[in-house]
2 protein chains.
Amino acid sequence: MAIHQHVLNLVELCVRKGLRQAIISPGSRSAPLTLALARHPEMTTRAVADERSAGFIALGMAQQLRQPVIVVCTSGSAVYNLAPAVAEAYFQEIPLLILTADRPKDWTHQQDGQTIYQTEIFGKHVKRSFELPADFIHADARWFAERVTNEAVDLARTEPRGPVHINIPLREPLYPTGEETFQYGPVRVIEQVTAAPALAPETWHQIQQEWETAERKLIAIGQGPHDPALLAILKKMSDEWRIPVVGDAISNLPRNDEFGTQLDVFLGGTDEEMNKELVPDLLITCGQSFLSKQFKLFLRNHQPRSHWQIQPHNRLADPFQSLTRLIPYEPAAFFEKLFSDIDYQRFVSNDDDDSDDHFQENWRALDRKATRLVSQFLKDDAVFHEWAVIQRILDALPVESQLHVANSMPVRYVNLSGLAEQQQVEVFANRGTSGIDGCLSTAVGAALTTDKVVTALIGDVAFFYDRNALWNSLVPPNLRIIVLNNHGGNIFRIIDGPSRQPELDAYFETAQPLSAENTAKDANLVYTNVFSYGELKTALADFFTTGDSAKMLEIQTDRRVNAEQFQRYKQLVQDTFRGI
Amino acid sequence: MAIHQHVLNLVELCVRKGLRQAIISPGSRSAPLTLALARHPEMTTRAVADERSAGFIALGMAQQLRQPVIVVCTSGSAVYNLAPAVAEAYFQEIPLLILTADRPKDWTHQQDGQTIYQTEIFGKHVKRSFELPADFIHADARWFAERVTNEAVDLARTEPRGPVHINIPLREPLYPTGEETFQYGPVRVIEQVTAAPALAPETWHQIQQEWETAERKLIAIGQGPHDPALLAILKKMSDEWRIPVVGDAISNLPRNDEFGTQLDVFLGGTDEEMNKELVPDLLITCGQSFLSKQFKLFLRNHQPRSHWQIQPHNRLADPFQSLTRLIPYEPAAFFEKLFSDIDYQRFVSNDDDDSDDHFQENWRALDRKATRLVSQFLKDDAVFHEWAVIQRILDALPVESQLHVANSMPVRYVNLSGLAEQQQVEVFANRGTSGIDGCLSTAVGAALTTDKVVTALIGDVAFFYDRNALWNSLVPPNLRIIVLNNHGGNIFRIIDGPSRQPELDAYFETAQPLSAENTAKDANLVYTNVFSYGELKTALADFFTTGDSAKMLEIQTDRRVNAEQFQRYKQLVQDTFRGI
């Protein structure tokens, strides 16, 4: 039996429950975990030195795999460096299994190295925090550790998914002797049978009734991955029942004639009279957060009579201050059953649909107008500015690739542009906490899980903040990084409040002079620097082609020009949508 | 009255209580704090984008100023990026006032941007966490905010000093209109009168008695800043009473004939027989943590009959598992009173000191031998290796300069070398959590508070981990950075356990190929790269001279050679001290 047999068994249980990926940061207290993972034949382990980045790389992997990825770090402040990724995973509902090595609790706050208060250190930002004992003399301790591991893995992937923490105090010796061989297990797997939420017939009846009594119905999709089943039923409801279906770029609702994706554009210009025409009686939402501030404000100021949120769990969020019914159900399945039930009901009772036809047309007309406005505004190549650059990049993205958009301006620009359906590009963004702290690392993690091209679109502040994403041996050749370098936090010049303060330069935009070139060189990336549309066109021609290493494209724009152009756009929106 | 008058008043109170320095990370939710601080004529504010680095820069400043430095960040994961510095400040007992902007609590977990659970987010790693209300309609709310600010500032600087957190939910509008002028206050300052712990005459009597009954007394000094009063009385006790006084490099106990600083060398070699000669009856300690693992092991395995810890507060730590009396008293004052009381007592009763004279001589003889061993070992210039490089750097440090030694190998090497008294170099290290996450940022912060030369001695992993320390406009010209680049976490090859594992390269030492040159260039540092003793000598000749910008010296060594040389040293220690 190994000295830390319980650690071997923990790893074996993870493997038996289907976990296959671990990100490990170097450390000595964590050595038993590192060795147990690295030596397990079915586990893929990768090393990342900076825990902040390690956490986000694991998050990027888990976001794609939809399975918990294991994150290991040593004791002490290392643990706190994982916290930003843990919080993002919690709010973005991404499963992670965080294994933190600890000194035995006897040693906390005794002036010994790398010892902090690790018990429940992530507070409310994990679904649960477990702690193993340091000693395993009693059989109950072994039963406890086995049971906890079983529970932790399944809890991470039960809706709402999220990070689960096991704190693991370890006594010395931490390293096996030469003779010691690792025997994993035996372990007892406790299988948790998956159950989908079911609604009683009376509930379905109520839902149908409320649906049928609402004249104007609006379906709005929050952040979520590309979901073909959901898109198919939404298309059907839009086509056959003339329900407007709207969402953001991060909803992975494609920009086409069917769906409304340009809300953030036109709702910034429509006046009170038009807004009243757009208010639904019944709003149905699913998915996670909404990006469009205009849409949030519109709904908070124009409350629908009813608002249903469809999601596979019971955690209540009310971002529009309008929720009246939380329906715990898988969204695509919900819409399919609703459609077929009502369709059958109408057939039986020979009823017609009483929906307001103009309602969908109002939403659609505005969306078309907004699409044209943006397209024309960005076509103009008299001035080199960031949003127009982004549009050209979006148009050039490979079909069926992934786009990871960083906070804060890139994700807003992309949302205003939308992504055309034919490109079939899936969009991701860290909108759980909307931080800039791990956007690049998340893209690195995602790129490790797929052969698709993964493009990270990121501003200079977010890029340098998280540049340790590239300080490891993992960066895969399918990664493309586009740094939008305006040498500062340009968002503060673009939004209304800070741009009026004399402290704008020094404390908000906080100019930074760096180009990403040296960082790219250090990471052995193929690097191109671009200052004009002409150079951009040339660079994009082969930027996305396959190569032996990842590539970076840096595009330097003037942050004053970017802000001016955004003002011009906002005026255009006013001129176009006010009073129509 | 300003919209966020309570924020202006909070800042005014800080100023009235003597705080003058703030580190601010950009953000919108935090704008009222940023503006209130930036516009106060008596506050010096500096902007740092990466909150992880911002926290450590503030820590470096507060470590020098011995007053709380204000740290401001916006809501969301930004707060968690401060956590590593907060934990270090807590365990190193450095005062910080952490002001985190928050959304009003109504909005937590409602899928709105940059909102996490900030209430008490730092757990046990702050002395206390306060939270202001979002609304100030009721007069009690204003009284509460004023009272809390008064309490927070004083709590941070009351022994044991440390970080105090105020979470500040802020409603929109966040920015003042053009017309709004800032009127700070009026505020009510609640002065907290400082009280020093006093001991009853009976207690002093007991202490004296216990002192007089112990034959072998050892005074050991833990981490702490240079304290002339303490050194003076310790020198007196050592001279007149022949008490051995020992400590680490981070104790700021100089290497001279008086004090013992080479414990970590000889205690690695002395055998059981000699160790028994070294065990005190009474051990007296003061200061914070001890670095020497050998000293800790020696004391844990050879317990003194009594162990007093002298410190200005009651927080109990027992790092040697031997504590019998915690004496809440300022150490220099304690030793002075003890000395004069006993001196007087002996004079009155015409008593002699019964201490064991050989005891001090035993400690001193070993220390001299260890000093010679190290000196001869490092003089040899046949092989270029890291510790010898460090010795040459230590010898070249400017008189009366500051040395910030990073975890993990640099601080161990420096401790083995010690710092010669004539150099009067003050040594700092982040030994609160012993993390590598903010060592460089701490040095940047320290350098901002002094005109002295501040040298950061740091390994490559700690350097790249914290390279955002240089990503700001603050880096002052008195900063000197010495990167000891062995392209990996060399400590894992040097300590015993991991070096025997086949996973050493991939998961412990984790080789990293970067040179610091590009990072130095990006930060506009004067940069020199060194591969030999000859080059080192040349480079050191003018490295410490005054210049217009900070300088970096990168020294590349072979991590296998470093490990071999360390093995050779360990053998030498065995050969020298075993059986003497």
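Residues numbered from 1 in each chain as written. Chains lettered and ligands numbered in written order. Predicted model: local features only at pLDDT ≥ 70, side-chain atom pairs only at ≥ 80, totals over all residues. Heavy atoms only, no water.

### Concerning helix α11 (residues 331–349) of chain B
Residues and elements named next belong to chain B.
Consideration 1: Helix length check: α11, at 19 residues, gives a terminal C-alpha distance of 27 Å against a target of 27 Å (1.5 Å per residue), a fit within 8%.
Consideration 2: Turning to α11, the residues buried within the fold contact α6 (201–213), β7 (217–221), α7 (228–241), β9 (282–286), β10 (306–311) and β11 (325–328).
Consideration 3: Just past α11, the residue N350 takes up positive phi, approximately 55 degrees. (Helix = DSSP H or I, 4+ residues; strand = E, 2+ residues; numbered from the N terminus. Expected span 1.5 Å × (residues − 1). Contact = heavy atoms within 4.5 Å.)

### Description of the interface of chain B and chain A
Note on interface size: it is often stated as the accessible area lost on association of the parts.
Consideration 1: Tallying the contact residues gives 85 residues for chain B and 85 residues for chain A.
Consideration 2: Together, the buried faces of chain B and chain A total about 7,200 Å²; carbon and sulfur atoms form 54% of this surface.
Consideration 3: At the boundary of chain B with chain A, the tally comes to eight salt bridges.
Consideration 4: Between A:R39 and B:E503 there is a salt bridge, and its shortest N-O distance comes to 2.6 Å.
Consideration 5: Linking chain B with chain A are 48 residue pairs in polar contact (both at pLDDT 80 or more).
Consideration 6: At eight residues, the largest contribution of residues to the side of chain B that touches chain A is made by helix α4 (residues 77–92) of chain B.
Consideration 7: Considered class by class, the residues forming the side of chain B that touches chain A number 35 nonpolar, 30 polar and 20 charged. (Buried area = accessible area lost by both parts, 1.4 Å probe. Salt bridge = Lys/Arg side-chain N within 4 Å of Asp/Glu carboxyl O. Polar contact = N/O pair within 3.5 Å; in protein donor to acceptor, adjacent residues only side chain to side chain. Nonpolar A, V, L, I, M, F, W, Y, C, P; charged D, E, K, R; others polar.)

### Some details on the packing of aromatic side chains
Consideration 1: This structure, assessed with the given rule, holds 60 aromatic pairs over all chains.
Consideration 2: Both rings, one in A:W471 and one in B:F464, keep their centres 5.8 Å apart while their planes meet at 40 degrees; by these two values the pair is tilted. Here the residue A:W471 occupies a position in the loop between α16 (460–465) and β15 (479–485), and B:F464 occupies one in helix α16 (residues 460–465), the pair thus bridging two chains. By the burial criterion, A:W471 is buried, and B:F464 matches it.
Consideration 3: With centroids separated by 6.3 Å and ring planes inclined at 90 degrees, the aromatic side chains of B:W308 and B:F334 adopt a geometry described as edge-to-face. (Phe/Tyr/Trp six-rings, centres within 6.5 Å; stacked < 30°, edge-to-face > 60°. Buried < 20%, exposed > 50% of the residue type's maximum accessible area, 1.4 Å probe, protein only.)

### Thoughts on the sheet that holds strand β16 (residues 526–530) of chain A
Residue and element names in this part refer to chain A.
Consideration 1: With parallel pairing, six strands are arranged side by side in an open sheet as β13-β12-β14-β15-β17-β16. If you trace the sheet from one side to the other, it starts and ends with β13 (426–428) and β16, each paired once. Averaged over all neighbouring strand pairs, the angle between strand axes comes to 15 degrees, with direction disregarded.
Consideration 2: Pairing analysis gives five bridges linking β16 to strand β17 (residues 551–556), with the strands arranged parallel. Residue pairing for β17: V526 is matched across the bridge by K551.
Consideration 3: Seen against the sheet, helix α21 (residues 533–543) touches β15, β16 and β17 and runs at an angle of roughly 165 degrees to β17. (Pairing = 2+ DSSP bridges. Axes fitted to C-alpha atoms, helices over the stretch in contact; angles between N-to-C directions.)

### Re the domain arrangement of chain A
Residue and element names in this part refer to chain A.
Consideration 1: Taken domain by domain, chain A consists of domain 1 (5–169), domain 2 (201–365) and domain 3 (380–577).
Consideration 2: Inter-centroid distance (C-alpha atoms) of domain 2 to domain 3 is 31 Å.
Consideration 3: At the junction of the two partners, domain 2 supplies 22 residues and domain 3 supplies 18 residues.
Consideration 4: Summed over both partners, the interface of domain 2 with domain 3 comes to about 1,800 Å²; 50% of that surface belongs to carbon and sulfur atoms.
Consideration 5: Put simply, domain 2 and domain 3 have zero salt bridges between them.
Consideration 6: Inspection of the region where domain 2 meets domain 3 yields eleven residue pairs in polar contact (both at pLDDT 80 or more). (Domains from an automatic or database assignment.)

### A look at the side chain of A:R29
Residue and element names in this part refer to chain A.
Consideration 1: In this structure, R29 sits in the loop between β1 (21–24) and α2 (31–38).
Consideration 2: Within the local environment of R29, its side chain forms a polar contact with the backbone oxygen of L170, the two atoms lying 2.6 Å apart.
Consideration 3: Those residues in contact with R29, other than ones at most four positions away along the chain, are T74, S75, A101, D102, R103, P104, L170, R171, E172 and L174.

### Brief notes about the pattern of salt bridges
A side chain of one charge can pair with a side chain of the opposite charge if their charged atoms are brought near each other.
Consideration 1: This model, assessed by the stated rule, comprises 64 salt bridges over all chains.
Consideration 2: One salt bridge connects B:R20 with B:E42, and the closest N-O pair in it is separated by 3.4 Å. Separated by 22 residues along the polypeptide, B:R20 in the loop between α1 (5–16) and β1 (21–24) and B:E42 in the loop between α2 (31–38) and β2 (44–47) bring together distant segments of the chain.
Consideration 3: Looking at B:R20, the relative accessible area reads 31%, which means it is partly exposed.
Consideration 4: Taking the relative accessible area as the measure of exposure, B:E42 reaches 44% and is therefore partly exposed.
Consideration 5: Where B:D102 meets B:K105, a salt bridge forms, and the shortest distance between an N and an O atom there is 2.7 Å.
Consideration 6: Residue B:D102 is classed as buried on the basis of its relative accessible area of 0%.
Consideration 7: Shared partners join several salt bridges into a network, and the residues in it are A:R493, A:D505, A:E509, A:R559 and A:R560.

### Quick notes on unusual backbone geometry
Consideration 1: For the bond running from A:E159 to A:P160, omega is -10 degrees, close enough to zero to count as cis.
Consideration 2: Note that A:P160 resides in the loop between α5 (139–157) and β6 (163–169).
Consideration 3: At the junction of B:E172 and B:P173, the peptide bond is cis and its omega measures out at 5 degrees in the coordinates.
Consideration 4: By the secondary structure assignment, B:P173 is in the loop between β6 (163–169) and α6.

### Some details on the packing of α1(B) against helix α5 (residues 139–157) of chain B
Residue and element names in this part refer to chain B.
Consideration 1: Between α1 and α5, the shortest axis-to-axis distance is 10 Å and the interhelical angle comes to 35 degrees. With respect to the hand of their crossing, α1 and α5 are arranged in right-handed fashion. Residue-level contacts link L10, L13 and C14 of α1 to E146, T149, N150 and V153 of α5.
Consideration 2: In terms of residue class, the contact of α1 with α5 is made up of four nonpolar, two polar and one charged. (Left-handed = near helix turned anticlockwise from the far one by under 90°.)

### Focus: the environment of B:N468
Consideration 1: Mapped onto the elements of the fold, B:N468 is located in the loop between α16 and β15 (479–485).
Consideration 2: The spatial distance from the C-alpha of B:N468 to the C-alpha of B:D548 is 21 Å, given a sequence separation of 80 residues.
Consideration 3: With residues up to four places along the chain from it excluded, the contact list for B:N468 reads A:R52, A:F464, A:Y465, A:R467, B:D50 and B:S53.
Consideration 4: Looking at B:N468, its side chain comes within polar contact range of the side chain of B:D50, at 2.8 Å.

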